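Structural overview for review
Residues per chain are reported as follows:
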Amino acid sequence: MLKVSNLTAGYGRTTILEDVSIEVKAGEVVTLIGSNGAGKTTLLRAISGMIKPKSGTITFSDETISGLSPDEIVGKGLIMVPEARQLFPVMSVRDNVKMGAFHPAVRDGAEQRFEEVLDLFPRVRERLDQLAGSLSGGEQQMVAIARGLMARPRLLMLDEPSLGLAPLIVQQMFDIVDRICAMGTTVLLVEQKAFHALKIAQRAYVMENGTIAMSNTGAGLLADPHIKQVYLGI
């Protein structure tokens, strides 16, 4: 479904990603783990069209998308839920969620989809009339994912969805990711909480210093001695 081949990208003259290649197949949860500054968010930004690659290719459903605008990429069903939620704090929860269906390509059926998304997030339904900025961190993350689902993603990219959340809410968040995939949406998950992320991933990549250092099944990386020592603290 998604294939990144020999991608080099960065900001201005600064190169962050060097010769990165990953693949996400339809129906998978694929996890990308790595320390702060490893290049994980930069990779998602490149896939989303927010930065242009210096070299390499990105294909989505066998179509090259590396030269397209973010708006065009969203229209093809490739959606990113950014790090730190990035909601509109003085807008209601209802309006924040519905903003996900703003793109013309996904407006049809938006009201029905709104109800389906709220079925997945009953806590969001309870808070529709509150200002988004008044919610807890976990509730805001649920709103951000709900907004992403309103865009009818074929592939949903989640950037650090557990960032800053309490341990109990972290587990709920990973349960939600698992349910999203079970409903038919492919997921590319960027996470620092390696144990939780690898447990739900069919396959996973480890990014270090802007390159892919390792790849394996989620279970395979959980059992790897290097991963245990560096990322799991075992």
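Here is a short report on the structure shown in this document. Because the structure is a prediction, the values reported are computed rather than measured. (Residues numbered from 1 in each chain as written. Predicted model: local features only at pLDDT ≥ 70, side-chain atom pairs only at ≥ 80, totals over all residues. Heavy atoms only, no water.)

A look at the layout of surface pockets
Counted as a void, the largest pocket has a volume near 710 Å³. Considering the residues around the largest pocket, the lining is formed by 25 residues, among which Val 74, Ile 79, Met 80, Pro 82 and Arg 147 are closest to the centre. Secondary structure elements with two or more residues in the lining of the largest pocket: helix 1 (40-48), helix 2 (70-75), strand 6 (78-81) and helix 6 (137-150). Here the lining of the largest pocket is built from residues that sort into 14 nonpolar, 6 polar and 5 charged. What the second largest pocket holds in volume is close to 230 Å³. Together, Arg 113, Glu 116, Val 117, Leu 120, Leu 149, Arg 152, Pro 153, Ile 180, Met 183, Gly 184 and Thr 185 line the second largest pocket. (1 Å grid on protein atoms, 1.4 Å probe; cavity = no way out; pocket = protein on both sides within 12 Å on 5 of 7 lines; lining within 4 Å. Points joined across faces, edges and corners; volume = space filled by probe spheres on them. Helix = DSSP H or I, 4+ residues; strand = E, 2+ residues; numbered from the N terminus. Nonpolar A, V, L, I, M, F, W, Y, C, P; charged D, E, K, R; others polar.)

Brief notes about the sheet that holds strand 7 (residues 155-159)
Pairing in this open sheet of 6 strands is mixed, and the strands run 6-7-8-3-9-10 from one edge to the other. A single partner strand is all that each edge strand has here, and the edge strands are strand 6 and strand 10 (211-217). Strand-to-strand twist in this sheet, taken as the mean axis angle between neighbours without regard to direction, amounts to 15°. Examined bridge by bridge, strand 9 (residues 203-208) and strand 10 share 6 bridges and lie antiparallel to one another. Counterpart to Met 207 in the pairing with strand 10 is Ile 212. Lying over the sheet, helix 1 contacts strand 3 (29-33), strand 6, strand 7, strand 8 (186-191) and strand 9, oriented at roughly 150° with respect to strand 7. The sheet contacts of helix 7 (residues 167-182) involve strand 3, strand 7 and strand 8, and relative to strand 8 the element is tilted by about 155°. (Pairing = 2+ DSSP bridges. Axes fitted to C-alpha atoms, helices over the stretch in contact; angles between N-to-C directions. Contact = heavy atoms within 4.5 Å.)

Coordinates in, geometry out; function isn't part of it.
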